[in-house]
Amino acid sequence: LRYCASRFSKVIIMIADKPAECTYRAIGYDSQKAEKKARLNGNTLQNHSQKSIDGILGGEVKLVEWKEEIDPNKFYQMELNRIEKMYKENYCFREEVRETTRAVLEGMLNPGVKMESAIDEGVQYLLKELAFLSASPEMFGTERVAYVYHNRWEVYEHFVEGKFDGKKRSDLGFIIIK
């Protein structure tokens with residue numbers, strides 16, 4: 001966080017607790033348990049993030065909560081609709097999203113959960129995250145957004161390159177910090 005705050009004028013920390021419910025359901029938790037686990041993990045992340053933010057001087061660092069600030073945002077909703085449509089209509093995009101989701105879910109499923117059913121549910125997390133990232137420049141009134149992560153994320157890289165829809169996104173970037 002300090003690295004980002006020292007290099008960027010604005011840092012947004014997204015708490016993806018609502019999309020995480022999809023992953024917990026995919027693993028095999030019922031909806032109530034999935035919501036509770038996602039909420040508790042989201043609260044933990046938010047508390048740790050806030051402590052880190054409080055220790056940083058300079059730069060604008062903000063926590064963004066999914067339910068209150070992302071879900072109701074019109075730019076996010078428009079982009080989510082576009083990405084869900086692309087998932088339904090674009091075979092290459094759908095297969096890459098499904099394979100990325102499979103890689104996340106492997107070894108995590110509760111007994112009796114079928115992988116293909118889990119993927120059907122789990123892809124929702126990835127689609128929502130892509131929609132958030134894609135809508136971020138408009139949501140936050142900035143010309144360019146850099147997504148910071150600890151590993152390569154090929155489906156996002158391909159999305160930004162325009163592999164799936166022919167639209168290269170010069171307003172989106174990707175930074176790996178290990």
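The paragraphs below set out a description of the structure included in this document. (Residues numbered from 1 in each chain as written. Predicted model: local features only at pLDDT ≥ 70, side-chain atom pairs only at ≥ 80, totals over all residues. Heavy atoms only, no water.)

1. A short note on the environment of Ala34
Mapped onto the elements of the fold, Ala34 is located in helix H3 (residues 31–54). Sequence spacing of Ala34 and Pro72 is 38 residues, and the spatial spacing of their C-alpha atoms is 21 Å. Setting aside chain neighbours within four positions, we find Ala34 in contact with Glu21, Tyr24, Arg25 and Tyr29. (Helix = DSSP H or I, 4+ residues; strand = E, 2+ residues; numbered from the N terminus. Contact = heavy atoms within 4.5 Å.)

2. Some remarks on the pairing of strand S4 (residues 172–176)
With five bridges joining them, strand S3 (residues 145–149) and S4 adopt parallel strand pairing. When the bridges of S4 are listed, Val145 appears paired with Leu172. Considered for its hand, the β-α-β crossover made up of S3, helix H8 (residues 154–161) and S4 is right-handed. (Pairing = 2+ DSSP bridges. Right-handed = clockwise from strand over helix to strand, strands pointing away.)

3. Side note on the environment of Ala20
As for its position among the elements, Ala20 is in helix H2 (residues 17–27). Residue classification places Ala20 among the buried residues on the basis of a relative accessible area of 15%. On a C-alpha basis, the gap between Ala20 and Arg39 in space is 8.7 Å, while along the polypeptide they are 19 residues apart. Ignoring any residue separated from it by four or fewer positions in sequence, one finds Ala20 in contact with Ala38 and Tyr125. (Buried < 20%, exposed > 50% of the residue type's maximum accessible area, 1.4 Å probe, protein only.)

4. Concerning the packing of aromatic side chains
One pass over the structure, following the stated rule, counts 12 aromatic pairs. Taken together, a centroid distance of 6.0 Å and an interplanar angle of 70° make the contact between Tyr24 and Tyr29 edge-to-face. With a relative accessible area of 17%, Tyr24 lands in the buried category. According to the relative accessible area criterion, Tyr29 is partly exposed, its value standing at 26%. These aromatic residues form a ring-pair network of at least three members: Tyr147, Tyr149, Trp153, Tyr156 and Phe174. (Phe/Tyr/Trp six-rings, centres within 6.5 Å; stacked < 30°, edge-to-face > 60°.)

5. With respect to the packing of H2 against helix H7 (residues 115–140)
Taken N-terminus to C-terminus, the directions of H2 and H7 make an angle of 165°; their axes are 8 Å apart at the nearest point. Relative to H7, the element H2 is oriented roughly antiparallel. Our pair here, H2 against H7, has a crossing hand that is left-handed. Of H7, the residues touching H2 (which contributes Pro19, Ala20, Cys22, Thr23, Arg25 and Ala26) are Ala118, Glu121, Gly122, Gln124, Tyr125 and Lys128. Classifying every residue of the contact of H2 with H7 gives six nonpolar, three polar and three charged. (Axes fitted to C-alpha atoms, helices over the stretch in contact; angles between N-to-C directions. Parallel < 35°, antiparallel > 145°, perpendicular 65-115°, else oblique. Left-handed = near helix turned anticlockwise from the far one by under 90°. Nonpolar A, V, L, I, M, F, W, Y, C, P; charged D, E, K, R; others polar.)

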